[in-house]
Amino acid sequence: MAGPAKRSDKLKRLVAVQRHMEKMAENELAATTRHRAEVNQSMEDVIGAIGSMEPIHRQFSQHYAERFGRLTMKERQLAGIQQLQEMKVLKERTKADRLEENMKEARDHEDREAADDAISELIEITLGVQMIK
């Protein structure tokens, strides 16, 4: 049967979970960044088609203008989402860092407590031996 869990062990598990949450937020941000890059590439392609002198592209200029408007709106939405996700990554990282600091402090406290207990036991043993003599 395992003894009572140490506070530092509990915090260590929480740090692992929080780091996982941070990684998930980073992956979401990376996906949004990739999607934004794709939208920007599409916008550049549409601009190229609008500015083209080929007759086929001139026939679809209205379609290209509408598509560019939709892409612009999509890019703005993605920029807002990306900003929120960047804040979320920062928030999750800050939480994990704080938990890690608390875990280290708890571990230091537990180590000091164990050292104090060891010294107390040594003193008790020493006093016990002196009383026997």
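Refer to the structure presented above.
## Overview of the overall build of the protein chain
And then number 1: Across its full length, the protein chain carries three helices and zero strands.
And then number 2: In sequence order, the secondary structure elements of the protein chain are arranged as α-α-α.
And then number 3: Expected size for 133 residues packed as a compact globule is a radius of gyration near 14 Å; at 31 Å, the protein chain overshoots this value by more than 25%.
And then number 4: Judged by the C-alpha coordinates and their principal axes, the protein chain covers about 110 × 25 × 20 Å.
And then number 5: Counting only residues that meet the buried cut, the protein chain has 20% of its 133 residues in that class.

## Here we look at the packing of aromatic side chains
Think of a pair of aromatic rings as described by two things: how far the centres are apart, and how the planes are tilted against each other in angle.
And then number 1: Summed over all chains, the structure comprises one aromatic pair.
And then number 2: Consider the rings of Phe60 and Tyr64, whose centres lie 6.5 Å apart with planes at 55 degrees: the pair is tilted.
And then number 3: Judged by relative accessible area, which is 15%, Tyr64 ranks as buried.

## A closer look at a nonpolar patch on the surface
And then number 1: Judged by side-chain polarity, Val17, Met21 and Met24 come together as a nonpolar surface patch covering roughly 250 Å² of accessible area.
And then number 2: For Met21, a relative accessible area of 36% corresponds to the partly exposed category.

## Things to note about the nonpolar core
And then number 1: Residues Val39, Met43, Val46, Ala49, Tyr64, Leu71 and Leu78 constitute the largest nonpolar core, which totals seven residues.
And then number 2: Contributing elements (two or more residues each) for this core: α1 (7-50) and α3 (61-132).
And then number 3: Broken down by element, the residue count for this core peaks at four residues, all from α1.
And then number 4: Beyond its immediate chain neighbours, meaning those up to four positions away, Leu78 contacts Thr32, His35, Arg36 and Val39.

## Side note on the side chain of Ser8
And then number 1: Assignment of secondary structure puts Ser8 in helix α1.
And then number 2: Relative accessible area serves as the criterion here: at 3%, Ser8 is assigned to the buried category.
And then number 3: When sequence neighbours within four positions are dropped, the list of residues in contact with Ser8 reads Met103, Ala106, Arg107 and Glu110.

## As for the packing of α1 against α3
And then number 1: Interhelical geometry of α1 versus α3 gives an angle of 165 degrees and a closest axis separation of 7 Å. What the angle tells us is that α1 and α3 run roughly antiparallel. Judged by the sense of rotation from one axis to the other, the crossing of α1 with α3 is left-handed.

Conventions and cut-offs
Residues numbered from 1 in each chain as written. Predicted model: local features only at pLDDT ≥ 70, side-chain atom pairs only at ≥ 80, totals over all residues. Heavy atoms only, no water. Helix = DSSP H or I, 4+ residues; strand = E, 2+ residues; numbered from the N terminus. Rg over C-alpha atoms; globule rule 2.2 N^0.38 Å. Buried < 20%, exposed > 50% of the residue type's maximum accessible area, 1.4 Å probe, protein only. Phe/Tyr/Trp six-rings, centres within 6.5 Å; stacked < 30°, edge-to-face > 60°. Patch = residues over 30% accessible without salt bridge, like charges linked within 9 Å, V, L, I, M, F, W, Y side chains within 5 Å. Areas by Shrake-Rupley, 256 points an atom, 1.4 Å probe, with all protein chains shown as cover. Salt bridge = Lys/Arg side-chain N within 4 Å of Asp/Glu carboxyl O. Core = buried A, V, L, I, M, F, W, Y, C linked by side-chain atoms within 4.5 Å. Contact = heavy atoms within 4.5 Å. Axes fitted to C-alpha atoms, helices over the stretch in contact; angles between N-to-C directions. Parallel < 35°, antiparallel > 145°, perpendicular 65-115°, else oblique. Left-handed = near helix turned anticlockwise from the far one by under 90°.

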